[in-house]
Amino acid sequence: MNLSTMFRAVVSGFVAAALASTSALALEGERSVFPAPGQERTRLVINGVTDADVIAPLIRDFQETARDVTVEFNDYVSNDLFREAELACRQQTSHGDLWISSSVDHLVKLANDGCARSHQSEETERVSAWANWRDEIFGFAFEPAVIVYDASQVPPEDVPRSHVEIAELLRRKPDEYWTRIGTYNVQLSGVGYLLAFHDAQQAPTSYGRLLESFSRAQVVTSCCNKEVLDLIEEGRLKIAYNILGSYAYARYLRNNDMRVVVPRDYTLILTRGAMIPTHSPQPDLAARFVDYLVSERGQKVAREKAFYFAENAPLPPGVDGPISLIESGIGRPIRVGPALLAAQDRATREEFIRNWSSLFAPGVPQQ
């Protein structure tokens, strides 16, 4: 059974109950400039899918090794960056020196279309095989998809620790959690689409039950991690599903009621990928930043100040889960490679999103 047939089977018979809103768009290309610590001699332009304050510790530490470099970071929603990068590649024009995205299927599609420069160094040899494709895309962060809940609103007996437990909770207490569950809108978010696509592959039956429960509970959908987490902190949501671990843990550090759970049945793991575009104005400088990101120094900063989770390190303190995602067998890394092209096949993508959207009926407020 192919994926589209399988997904139709998963969603067939469900009663439509809530609609994914297309109004929750983040600003495109929000610009942050990190001045050179010394006299500026050059400027590195990074177009990326991550909040500037998340990647800021890495940028500033890199600048300690390159004190004459000013870094301009433009923060994009994943679909927007992909659209602009694809256009620039097709027109053979520059669009920044380096692209960074957690929607690694986007990067694989771009690389497959000839939009990436190859780069090899002693540092890039450190990258795990599952996170390095053709020396063109380099994974530099370890991002589990987690469950987040507000401990002040969710009693201990309701805390879900698997995909199945979320579905069971919504069936058991529909009134208490109606419109109080948040997740990605797969129409707006490339990351959300990639995670949903792999959920459907990983466990089609349990994911189908989860989608049915989401439809009945009128799930709130959004383009971005930040918006969903904001709604929890504001008391408007109780639980969020498929949130990237780094964003979730950063909220926990500032608000201990924002608890982080690693699903026990399986946990999808993304890597944030870095790619040097073919028409990068400064490919050598971009390569220098890539080398920093994957270096021992860069990985230490990422683990301590930016992304918190790491492939070969225990879970951060306070996270509800096994000591090691990989050794426990729970972790399911999404391998960067040609298999991701299936997710970017236009017909497959359109049908997947259409089937997903058919669960959600118009008129339901998403905030």
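Scroll up to find the structure.
As the structure is a prediction and not an experimental result, all values here were calculated from the model.

> Hey, could you run me through the packing of aromatic side chains in this one?
Two numbers describe a pair of aromatic rings. These are the distance of the centres and the angle of the planes. Enumeration over the complete set of coordinates arrives at 12 aromatic pairs. When the ring of Phe197 is compared with that of Phe352, the centres are 5.7 Å apart and the planes differ by 45 degrees; the resulting orientation is tilted. Here Phe197, found in helix α7 (residues 190-202), pairs with Phe352, found in helix α15 (residues 346-357); they are 155 residues apart in sequence, far enough to count as distant. As far as the burial class goes, Phe197 and Phe352 line up, both buried. Look at Phe289 and Tyr292: their rings are 6.2 Å apart centre to centre, the planes differ by 35 degrees, and that puts the pair in the tilted class. Taken together, the positions of Phe289 and Tyr292, both in helix α11 (residues 283-294) and three residues apart, correspond to about one turn of that helix. Phe289 gets classed as buried once you look at its relative accessible area, which sits at 0%. Put simply, the rings of Tyr249, Tyr252, Tyr308 and Phe309 touch in pairs and so form one group of aromatic residues. Above the face of the Trp133 ring, Arg134 is positioned so that its terminal group lies 4.1 Å from the ring centre. The side chain of Arg349 reaches across the aromatic face of Tyr193, ending 4.4 Å from its centre.

Cut-offs applied
- Residues numbered from 1 in each chain as written.
- Predicted model: local features only at pLDDT ≥ 70, side-chain atom pairs only at ≥ 80, totals over all residues.
- Heavy atoms only, no water.
- Phe/Tyr/Trp six-rings, centres within 6.5 Å; stacked < 30°, edge-to-face > 60°.
- Helix = DSSP H or I, 4+ residues; strand = E, 2+ residues; numbered from the N terminus.
- Buried < 20%, exposed > 50% of the residue type's maximum accessible area, 1.4 Å probe, protein only.
- Lys NZ or Arg CZ within 6 Å of the ring centre and 35° of its normal.

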